[in-house]
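So the chains spell out like this:
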Amino acid sequence: TDDHGSHKALFSLAFYKGPAACSLDTLRVFILLAITIWVAHFWHSSEFGLYADDYLNISQGLASGETVWSYIKKAVLTFEYGRPIGYIFLGLFSFLGAKLGGLRGIYWLAYIIITVNSCLFYSLLKRLSPYPGFALVGALAFSLFPADATRAFLTHLEVYPALMLLLIAFHCYLSRRIRLAYLAILGTLLSYETVFPVFLAAPLLKKKWGSISIPELIKHASILGAMFVCVALLRIASGDIRLVKLDLLATLQMSLWQMISGPVTSMAMFVYRPFTTLRFMKHEPAVFLPLGVAALAWALLGVNLRVARTKGPTSSGETRLFFKHLSELALLGLVMLILAYPLVLTLPATLIDGRGSRVHIAAAIGASILCSCACLVVLFAASRLGRRNLATIGLTLYFALLAGFGLTVQEDYRLSWQYQRAFWTDLVRLCPDIDYETVILVEPTGLLNTRMDAFNWATSFGLQQIYQFFPNYQYFDRLKRKPQVHILLPG
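Residues numbered from 1 in each chain as written. Predicted model: local features only at pLDDT ≥ 70, side-chain atom pairs only at ≥ 80, totals over all residues. Heavy atoms only, no water.

Draft legend 1. View of the nonpolar core. Counting residues in hydrophobic clusters, the biggest one holds 119 residues, and the most contacted among them are Leu 166, Phe 170, Ile 185, Phe 199, Met 336, Ile 365 and Ile 369. At 14 residues, helix α5 (residues 84-128) tops the list of elements feeding residues into this core. Residues contacting Ile 369, with those up to four places away along its chain left out, are Phe 121, Leu 125, Phe 134, Leu 329, Leu 332, Gly 333 and Met 336. The next biggest cluster of nonpolar side chains, apart from the first, holds ten residues, and it includes Trp 424, Leu 427, Ile 440 and Ala 454. (Core = buried A, V, L, I, M, F, W, Y, C linked by side-chain atoms within 4.5 Å. Buried < 20%, exposed > 50% of the residue type's maximum accessible area, 1.4 Å probe, protein only. Helix = DSSP H or I, 4+ residues; strand = E, 2+ residues; numbered from the N terminus. Contact = heavy atoms within 4.5 Å.)

Below, the structure written as structure tokens:
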């Protein structure tokens with residue numbers, strides 16, 4: 001086709017099949033992604049619970065429809081944190097999941113959303129390059145993105161739909177449905193703003209970079225800038241303390257630092273996390289079973305890059321075109337990676353564990369494109385050396401190790417819930433006389449904790465939501481404080 005242009009001669013690696021064959025290949029990849037995500041992020045989800053913000057947000061869906069409606073209405077009317085659509089997602093998904101299967105049902109919904117995102121990303125990469133291996137490797141890197149350890153954090157039911165809207169906006173932009181694209185990206189700004197700047201790279205998605213005009217880039221940036229300013233003014237008018245007391249100079253300095261440290265940190269995790277998995281394997285032999293299943297699934301589905309069955313670029317001209325195409329994709333990935341951090345202002349972009357690793361959520365798109373480009377270079381070099389099969393096996397093992405890191409994160413979630421249950425059991429046994437305005441101070445020396453931070457600022461809410469205190473209290477009793485639990489700081 002005209003869109004592929006000169007790449008036709010180059011990509012003898014690409015398979016141009018009939019619609020039925022392409023649909024079957026796509027279905028196989030979608031099944032592979034679904035299996036990979038389940039093993040890496042939700043294998044032990046039946047043993048997960050609530051963590052930190054979940055006690056304020058997810059607990060609403062576990063209560064009643066009236067409670068959820070009040071929660072959503074408050075978020076919309078007060079324009080809370082400038083994320084009304086995010087809170088709508090959060091309330092509706094938690095309520096729907098709870099009705100389908102309680103807490104486990106909410107985790108199932110989170111799994112479905114994350115899987116759909118990976119499938120959308122795979123479809124996007126297929127539109128960017130005619131080489132099928134690029135889309136496959138990129139989608140696996142996206143599904144296993146090692147810098148973000150919050151896939152199973154239920155409060156992020158407001159975040160991952162925002163990422164979905166961003167991917168939909170990219171698809172709409174490529175399909176020349178520009179108004180729909182801008183409508184979708186406005187939804188991200190009202191859901192979770194850190195993913196919003198990534199859409200600045202939308203004009204770079206075109207296959208022919210020579211067709212990108214400066215006026216088009218200026219118009220695109222102006223529209224997004226106007227959206228951002230309008231939403232920022234609304235947030236200031238609603239009294240959002242994050243913007244009302246903003247120091248502009250300090251914010252710009254912080255933003256620039258995040259755009260430097262964030263990309264370095266997120267890409268470094270592609271190297272660091274496999275070693276984390278190897279350390280974990282020494283203490284948890286059961287990890288071999290799911291890793292083996294993931295690796296076998298990839299092989300049996302017949303989507304291990306198909307490199308062993310094809311020939312790569314042979315002439316010097318084809319090789320130049322191959323690397324030119326990869327360099328354009330890598331530049332696109334780098335731009336998207338940098339744009340993932342300018343609005344990350346509440347936490348340092350060097351965090352890699354626990355809830356703080358959410359700073360890297362928007363970076364998954366650009367980082368996965370860069371990872372895919374690097375893998376294709378390795379495969380090309382291996383092909384020239386006659387080691388294509390060995391390189392394919394090596395990549396399979398590499399992604400299996402990334403899936404193994406996901407299992408280490410799941411262990412943190414599982415242990416954190418166990419520690420919380422043990423804590424509340426002990427507290428009720430030791431404090432049987434809890435009454436109005438009781439304040440319980442907990443000396444933290446003996447508490448067990450994980451990277452998921454089992455005990456934090458939200459601990460006090462646990463007591464009020466596990467038990468129903470004083471259901472028939474009178475007017476004067478309502479003026480009294482509910483029981484409080486506070487974890488003291490060490491020392």
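Additional details are given in the paragraphs that follow.
Draft legend 2. Looking closely at a nonpolar patch on the surface. Nonpolar side chains collect at one region of the surface, where Phe 228, Val 229, Leu 233 and Ile 236 lie side by side and expose about 350 Å² of accessible area between them. Checked against the element boundaries, Phe 228 lands in helix α9 (residues 214-237). For Phe 228, a relative accessible area of 36% gives the class partly exposed. (Patch = residues over 30% accessible without salt bridge, like charges linked within 9 Å, V, L, I, M, F, W, Y side chains within 5 Å. Areas by Shrake-Rupley, 256 points an atom, 1.4 Å probe, with all protein chains shown as cover. Salt bridge = Lys/Arg side-chain N within 4 Å of Asp/Glu carboxyl O.)

Draft legend 3. Summary view of the pattern of salt bridges. Following the criterion strictly, the structure yields twelve salt bridges and no others. Residue Asp 53 pairs with Arg 355 through a salt bridge whose shortest N-O separation is 3.3 Å. Here Asp 53 is found in the loop between α2 (19-42) and α3 (58-63), whereas its partner Arg 355 is found in the loop between α13 (316-338) and α14 (364-384), with 302 residues between them in sequence. Arg 429 serves as the salt-bridge partner of Asp 426, at 3.5 Å between the closest nitrogen and oxygen. Taken together, the positions of Asp 426 and Arg 429, both in helix α15 (residues 388-430) and three residues apart, correspond to about one turn of that helix. Under the relative-accessibility criterion, Asp 426 is labelled partly exposed at 35%. Shared partners join several salt bridges into a network, and the residues in it are Arg 273, Asp 353, Asp 412 and Arg 451.

Draft legend 4. Molecular detail of the packing of α15 against helix α16 (residues 459-466). With their axes 12 Å apart at the nearest point, α15 and α16 run at an angle of 70 degrees to one another. The angle between α15 and α16 falls in the class roughly perpendicular. Viewed along their axes, α15 and α16 form a crossing whose handedness is right-handed. Each of Phe 423, Trp 424 and Leu 427 in α15 lies in contact with α16, whose residues at this interface are Thr 459, Gly 462, Leu 463 and Ile 466. Residue composition of the contact of α15 with α16, grouped by class: five nonpolar, two polar and no charged. (Axes fitted to C-alpha atoms, helices over the stretch in contact; angles between N-to-C directions. Parallel < 35°, antiparallel > 145°, perpendicular 65-115°, else oblique. Left-handed = near helix turned anticlockwise from the far one by under 90°. Nonpolar A, V, L, I, M, F, W, Y, C, P; charged D, E, K, R; others polar.)

Draft legend 5. Local environment of the confidence of the model for the chain. On average, residues of the chain carry a pLDDT of 83, and 84% of them reach 70 or more. The spread of mean pLDDT over the elements of the chain runs between helix α1 (residues 7-10), the lowest at 40, and helix α7 (residues 160-174), the highest at 95. Contacts for the low-pLDDT stretch residues 1-18, under 50 throughout, to residues beyond four places or in other chains number 38 contacts. Contacts for the low-pLDDT stretch residues 304-311, under 50 throughout, to residues beyond four places or in other chains number 24 contacts. (pLDDT = per-residue confidence, 0-100.)

Draft legend 6. Representation of the side chain of Thr 408. Along the chain, Thr 408 falls in helix α15. Side-chain polar atoms of Thr 408 contact the backbone oxygen of Phe 405, separated by 2.5 Å. (Polar contact = N/O pair within 3.5 Å; in protein donor to acceptor, adjacent residues only side chain to side chain.)

Draft legend 7. Structural view of the environment of Thr 36. Summarising the element assignment, Thr 36 is placed in helix α2. Sequence separation between Thr 36 and Leu 140 is 104 residues; the distance between their C-alpha atoms is 8.1 Å. Leave out the neighbours within four places in its chain, and Thr 36 touches Leu 140 and Leu 144. Within the structure, the side chain of Thr 36 is placed 2.8 Å from the backbone oxygen of Leu 32, a separation counted as a polar contact.

Draft legend 8. Here's a closer look at the packing of aromatic side chains. This structure, assessed with the given rule, holds 24 aromatic pairs. With 5.7 Å between their ring centres and 70 degrees between their planes, Phe 42 and Tyr 111 make a pair best called edge-to-face. Of this pair, Phe 42 sits in helix α2 while Tyr 111 sits in helix α5, placing them 69 residues apart in sequence. For Tyr 111, a relative accessible area of 11% translates into the label buried. Their ring planes at 35 degrees and their centres at 5.3 Å tell us that Phe 48 and Tyr 413 sit as a pair that is tilted. Placement of Phe 48 in the loop between α2 and α3 and of Tyr 413 in helix α15 is noted, with a sequence separation of 365 residues between them. (Phe/Tyr/Trp six-rings, centres within 6.5 Å; stacked < 30°, edge-to-face > 60°.)

Draft legend 9. Geometry of the pairing of strand β1 (residues 439-442). Side chains Ile 440 and Val 442 of β1 all project onto a buried face; the interleaved residues Val 439 and Leu 441 project onto a face where none is buried. Inspection of the sheet shows β1 paired to strand β2 (residues 484-487) by four bridges, in the parallel sense. Paired with Val 439 across the strands is Gln 484, a residue of β2. (Pairing = 2+ DSSP bridges.)

Draft legend 10. Molecular detail of the environment of Gly 61. Tracing the backbone through its elements, the reader meets Gly 61 in helix α3. A relative accessible area of 4% means that Gly 61 is categorised as buried. Separated by 33 residues in sequence, Gly 61 and Ser 94 have C-alpha atoms that sit 4.7 Å apart. Every residue in contact with Gly 61, bar those within four places of it in the chain, is listed here: Val 68, Ser 94, Phe 95 and Ala 98.

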